[in-house]
Each structure stands twice: as structure tokens, then as C-alpha cells.
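Fold and geometry: a report
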Amino acid sequence: MPRAKRRGMDGKTTVMSDESEGKKRGFLRRLFGRGGEDAAEPQAVPSDEADKRPESDAAEVVELAATAPNHDETAGSAIGLTAEAAADAGEKAPEPEAAATEPSEDKRGFLSRLKQRLGKTKAGLVEKVRQVISFHTKVDEELLEEIETILVQADVGIETTTKILDEVRRNREARRVEDPEALIPIIKEAILGITSHSERTLTLQPVPPTVMLVVGVNGTGKTTTIGKLAKQYRDQGKKVMMVAGDTFRAAAVEQLAVWAERTGSQIVKQPMGADPGAVCYDALASAGARDFDVILIDTAGRLQTKTNLMEELKKISRVIKKVMPTAPHETLLVLDATTGQNALSQAKLFSEAVGLTGLVMTKLDGTAKGGILIALRDQFDVPVLKIGIGESVDDLRDFEPQAFVDALFEK
């Protein structure tokens, strides 16, 4: 295990103040049920000239009736997606919703909910650190090396782990502690400092529409994230358009259409295999585009190492700017927390291709690798805007660094 150069610890000092003074509680919120994730890798398509309007049939704009048929929500698959479409997308067929039987969040509290959903990461990171500390009677380099191993295994990564432990070594209190347990609030403060810098929330432009381009690799949950965002904005009374830019997978268009039905949004789509740039052009150039508050653009999942597909993504961004020079106002990369360190590679290459403005991290409730969020905040100056902590629509949350760190460290 490679380690950075260290300074030694001074083993003498007094015990720190009660850890409980650093604990805080979150606010109360409500929750519902979740849709599924994207799947299936697209095929490469030839790229048209960047400076021309893509030639295609006119996009179909579907305005959905308020009386559209209802669909049962699912756990782990696209909401309302038929069994055949779910199979095509590589997902489970819909099952009856289970989330409705859970106690309301008014009773449990947001922090309690977050603690529960981050349980695997908490167990793999903070609880292991506590366990190692319990076997030591003093703070020394041996203890810090064991803590380093735990952080790296939790996908915090070597570089970020080194930064955290160097911060601990520089901490005046840490240099004087006699009780190893007193290291916990110091480590917590170091992680909070990393996760909270340059943070902001996802907000709309003062003059509509706000155009959001959603990108990412296969299976991270792009289409589901768009659906949940649409639901949240529709609940605020906003007018929402969805653009089906994933024209390589029939199930993706159908999944987005179902989300449009459920949320009362409008959808712009073209036949399977159409040029994604043409879909975006026709959507944004349509007469009523500027009447919308939010325009959410879905894109095909693509491996960050596939050069031709990344070039097509650049083309989509150029086409958008031809119609609306200031758009896209947000370019959101959706990352799957279960992929661990691979998320760093994705963030790097997508950022180089299209210039990211924010990250959305899904599936934090289903992994012990949530430490990757700390590494991302350390190594990229791109804020985490949303996190997915469960199956419900409202489990797509604003990322709150203090609540995240409290949920990991509170007993």
C-alpha cells in the first residue's frame, strides 16, 4: 500500500471535549417510491458536421393528457415500464410498491433516514475506524496506518486519504490527544471540510427555460434521475419538457415517456436510430420551447473510454448552443456510487468532453463504497448537487455536506 511521507505524532496531551457537541440534527421531509436505472450500451453512429443543423424528420412533440392511464410504481425498475420494455432494458419487471408501508419521515427525521440509507458506507468506513481505535491505547503512526487502510478500502482513495490524515497530523488537538477516540471528531471535521467546499444547490435560471443536459455511462440512472427531477419541478408548478436524446435504445424512450405521463410533462422524441443532435435541435427550436421553465435532455449511456461516442456528446452540446447560446445551463453527470473508484475516471473524461456543472450520485443506499463521494469532492471542483438514497421519487435529495457527514459519524 503506497503511503505519503508523514510527520510523527506527539503522544502527550489532554482528552478532548465531548464528541456529542459536534452532532446536529436534520430537518423533516417526506418520501415516495423509486424508478429504475438505465441499461444497455448504445452503438456508435456517424457524427454529422458540427456546424450544420442535423437533417431529420420533424420531432414528435407529445402533450400528455392529465387523464393519462396510471402505472404502478416499481422498486428497482422504470416506473410504469411494462414487463417487455423492462426486459429489453435489462431491468426487472414492475413489482408492487413497498415504500408506502414505511413510517412517514415526519416521525423519523431526515437525519435518521439518511443514517439508515448510508448504513453500508458507515459500517465500512466509520465503524471500522472506531473498531480499530478501540484496540489502541494511544495515538501513534501504527494506528494512523490502520485508519489509512480502512479509508482506502472504503473508496476514499489514496490521495484523499493522505490529505485527511495529513490534516489530522497538523491538527493541534490531534497532536496532544491521549485517548484515540478523540480522533473521531477530528477526522469528521477533515471530511466535512473536503465535502463542503464550493457547494451549491441546483437552481433554475431567472429567465426560463433552464436547459439541463444529463450525461453518464450505462446503468447509472440518467433516465430515472430525469424523471425524478421532472416530478420535483412539476410539484413546484413548473412547466417541464423532456427530450429523448437516447435514440439508440427503444426502452429508454418508452421509459422517459412513462415518466412524462406520470409527471404531466411534455416529451419530444424521434424514431429509433435518429440523430440525437436533431432531436435536441428540433426540441429547442420549436415555437413553444421558451414557454417551458425546465428542459431536461436525456442522452445515451456511453462508456467514457469510447472516443467516437464522447465526440457525439460534444456535438449535442454544440447543437444546443446553436439554438440557445447560453445553454445548456446545467450539464449533470450521473454517477453510480457502487462503481467506486471508476467514478473518478468518468468524472475526468466527461468533464473534459462537455464541461460539467454538477454531479448526481445515485445508489448511495446500496453500497459500502460511498467514500467515493469524498474523493470526488476532493479531486474535482464540480459540486455534488443531488444524491440518490433510496427507491422513492423524493429520495433524490439535495446534497447537504453537514447532514451527510453527521449521518456517517453519529452513533
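Quick caveat, the model's predicted, so the values are computed rather than measured.

Check the secondary structure of the protein and you find 16 helices and nine strands. Out of the 411 residues belonging to the protein, those deemed buried represent 55%. By element, 49% of the accessible surface of the protein is carried by carbon and sulfur atoms, the whole surface being about 17,300 Å².

Turning to the pairing of strand 5 (residues 294-299), a few remarks are in order. Counting buried residues along strand 5, six of its six residues qualify, which places the element largely inside the surrounding structure. Side chains V294, L296 and D298 project from strand 5 onto one buried face, and the interleaved I295, I297 and T299 project onto a second face that is buried too. Strand direction decides the pairing type here: strand 2 (residues 210-215) and strand 5, joined by four bridges, are parallel. Note that in strand 5 the partner of T210 across the bridge is V294. Judged from the six bridges that link them, strand 3 (residues 240-245) and strand 5 form a sheet pairing that is parallel. In the sheet register, G245 faces strand 5, and the bridge partner there is T299.

Axis separation between helix 9 (residues 183-196) and helix 16 (residues 401-409) bottoms out at 9 Å; the angle between their running directions is 150°. The pairing of helix 9 with helix 16 is recorded here as roughly antiparallel in orientation. Seen along the crossing, helix 9 lies across helix 16 with a hand that is right-handed. Touching I184, I187, K188, I191, L192, T195 and S196 of helix 9 are P401, Q402, V405, D406 and F409, all from helix 16. Here the residues of the contact of helix 9 with helix 16 are counted per class, giving seven nonpolar, three polar and two charged.

By secondary structure assignment, the location of T149 is in helix 6 (residues 141-153). What makes T149 partly exposed here is its relative accessible area of 23%. For the pair formed by T149 and V129, sequence separation is 20 residues and the distance between their alpha carbons is 9.6 Å.

The next subject is the packing of helix 5 (residues 126-134) against helix 6. Running from N to C, helix 5 and helix 6 point in directions that differ by 160°, and their axes come no closer than 10 Å. Between helix 5 and helix 6, the interaxial angle falls into the category roughly antiparallel. In this structure, helix 5 meets helix 6 at a crossing whose hand is right-handed. Contacts between helix 5 and helix 6 involve K128, V129, V132 and I133 on the former and, on the latter, L143, E146, I147 and I150. In terms of residue class, the contact of helix 5 with helix 6 is built from six nonpolar, no polar and two charged.

A separate point is the confidence of the model for the protein. The predicted coordinates of low-pLDDT regions are not to be read in fine detail. Here the protein averages 77 in pLDDT, while 72% of its residues score no lower than 70. Counting interchain partners and residues more than four positions distant, the pLDDT-below-50 stretch residues 1-101 has 245 contacts. Across residues 103-107, where pLDDT falls below 50, the model places 11 contacts with residues more than four positions away in sequence or in other chains.

Counting 83 residues, the largest nonpolar core has I147, I164, L183, I320 and L376 as the members making the most contacts within it. For I164, the residues in contact, after removing those within four places along its chain, are L151, V156, I187, A190, I191, I194 and I374. By size, the runner-up hydrophobic cluster in this structure holds 24 residues, among which are V214, A230, V334 and L396.

Bringing the packing of aromatic side chains into the picture now. In total, this model carries one aromatic pair according to the counting rule given. For the ring pair F399 and F404, a centre distance of 5.5 Å and an interplane angle of 65° mean the geometry is edge-to-face. Just above the ring of F292 sits the side chain of K239; from NZ or CZ to the centre is 4.7 Å.

Quick notes on the rules
Residues numbered from 1 in each chain as written. Predicted model: local features only at pLDDT ≥ 70, side-chain atom pairs only at ≥ 80, totals over all residues. Heavy atoms only, no water. Helix = DSSP H or I, 4+ residues; strand = E, 2+ residues; numbered from the N terminus. Buried < 20%, exposed > 50% of the residue type's maximum accessible area, 1.4 Å probe, protein only. Areas by Shrake-Rupley, 256 points an atom, 1.4 Å probe, with all protein chains shown as cover. Pairing = 2+ DSSP bridges. Axes fitted to C-alpha atoms, helices over the stretch in contact; angles between N-to-C directions. Parallel < 35°, antiparallel > 145°, perpendicular 65-115°, else oblique. Left-handed = near helix turned anticlockwise from the far one by under 90°. Contact = heavy atoms within 4.5 Å. Nonpolar A, V, L, I, M, F, W, Y, C, P; charged D, E, K, R; others polar. pLDDT = per-residue confidence, 0-100. Core = buried A, V, L, I, M, F, W, Y, C linked by side-chain atoms within 4.5 Å. Phe/Tyr/Trp six-rings, centres within 6.5 Å; stacked < 30°, edge-to-face > 60°. Lys NZ or Arg CZ within 6 Å of the ring centre and 35° of its normal.

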